[in-house]
Amino acid sequence: MKKNWSVSKLIACGVLVTDMTATYLVLFLCWLSIIRGFSGSLPYLTTLIGALQASTAVVLSAYYSKSKAENTRGGITYDAAFNPSPDCERSL
């Protein structure tokens, strides 16, 4: 059975792929500029990397916040419910 991805997961993956692709392209252009002997600065290219990294951080923090909110029941997370800590003993 094929499991469908949620829209938020598609957006997060799309932002990650876009960020990764743009970062590699900008780094390639910077490398090419250095190899060709360009003596100026590259503020527009380096700003692009910073802006994309910032947008990726915002999208991923929102995605993980949403994921955290979805994975709770009764005020506790699923991990805490299924894997109780050893110092927490049940009374019978």
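Here's a quick rundown of the structure. (Residues numbered from 1 in each chain as written. Predicted model: local features only at pLDDT ≥ 70, side-chain atom pairs only at ≥ 80, totals over all residues. Heavy atoms only, no water.)

### Overview of the overall build of the protein
Inference 1: Scanning the protein from terminus to terminus reveals three helices and two strands.
Inference 2: Scored against the burial criterion, the 92 residues of the protein give a buried share of 13%.
Inference 3: Long-range contacts, defined here as pairs at least 24 residues apart, represent 57% of the contacts in the protein between residues at least 6 apart.
Inference 4: Summed over its atoms, the accessible surface of the protein is roughly 7,900 Å², and 65% of this surface lies on carbon and sulfur atoms. (Helix = DSSP H or I, 4+ residues; strand = E, 2+ residues; numbered from the N terminus. Buried < 20%, exposed > 50% of the residue type's maximum accessible area, 1.4 Å probe, protein only. Contact = heavy atoms within 4.5 Å. Areas by Shrake-Rupley, 256 points an atom, 1.4 Å probe, with all protein chains shown as cover.)

### Quick look at the packing of aromatic side chains
Inference 1: Across all of its chains, the model carries two aromatic pairs by this definition.
Inference 2: On the numbers, 5.5 Å between centres and 65° between planes, the contact of Tyr63 with Tyr64 is edge-to-face.
Inference 3: A relative accessible area of 18% means that Tyr63 is categorised as buried.
Inference 4: Assessed through its relative accessible area of 56%, Tyr64 is described here as exposed. (Phe/Tyr/Trp six-rings, centres within 6.5 Å; stacked < 30°, edge-to-face > 60°.)

### Comments concerning helix α2 (residues 43–70)
Inference 1: Between its first and last C-alpha atoms α2 spans 41 Å; for 28 residues at 1.5 Å apiece the expected length is 40 Å, and the two agree.
Inference 2: Taken as a whole, α2 has its buried residues at Ile49, Leu52, Thr56 and Tyr63.
Inference 3: Tucked inside the fold, the buried residues of α2 contact α1 (7–35). (Expected span 1.5 Å × (residues − 1).)

### Observations regarding the environment of Ser55
Inference 1: Position of Ser55 among the secondary structure elements: in helix α2.
Inference 2: Sequence spacing of Ser55 and Leu16 is 39 residues, and the spatial spacing of their C-alpha atoms is 9.7 Å.

### Here we look at the side chain of Thr56
Inference 1: In this structure, Thr56 sits in helix α2.
Inference 2: Within the structure, Thr56 has its side chain in polar contact with the side chain of Asp19 (distance 3.1 Å).
Inference 3: When sequence neighbours within four positions are dropped, the list of residues in contact with Thr56 reads Val15, Leu16 and Asp19. (Polar contact = N/O pair within 3.5 Å; in protein donor to acceptor, adjacent residues only side chain to side chain.)

### A short note on α1
In an α-helix, one full turn covers 3.6 residues, which means residues spaced three or four apart are oriented alike.
Inference 1: Spanning 29 residues, α1 covers 42 Å between terminal C-alpha atoms, matching the ideal 42 Å at 1.5 Å per step.
Inference 2: Listed as buried for α1 are Ser8, Ala12, Asp19, Ala22, Thr23, Val26, Cys30 and Ser33.
Inference 3: In this structure, the buried side of α1 is in contact with α2.
Inference 4: Phi turns positive one or two residues past the end of α1, at Gly37, with a value near 85°.

### Focus on the packing of α1 against α2
Inference 1: Closest axis-to-axis distance for the α1/α2 pair is 9 Å, and the angle between their directions is 160°. Judged by the inter-axis angle, α1 sits roughly antiparallel to α2. Regarding α1 and α2, the two cross each other, and that crossing is left-handed.
Inference 2: Here the contact of α1 with α2 is built from residues that sort into 16 nonpolar, four polar and three charged. (Axes fitted to C-alpha atoms, helices over the stretch in contact; angles between N-to-C directions. Parallel < 35°, antiparallel > 145°, perpendicular 65-115°, else oblique. Left-handed = near helix turned anticlockwise from the far one by under 90°. Nonpolar A, V, L, I, M, F, W, Y, C, P; charged D, E, K, R; others polar.)

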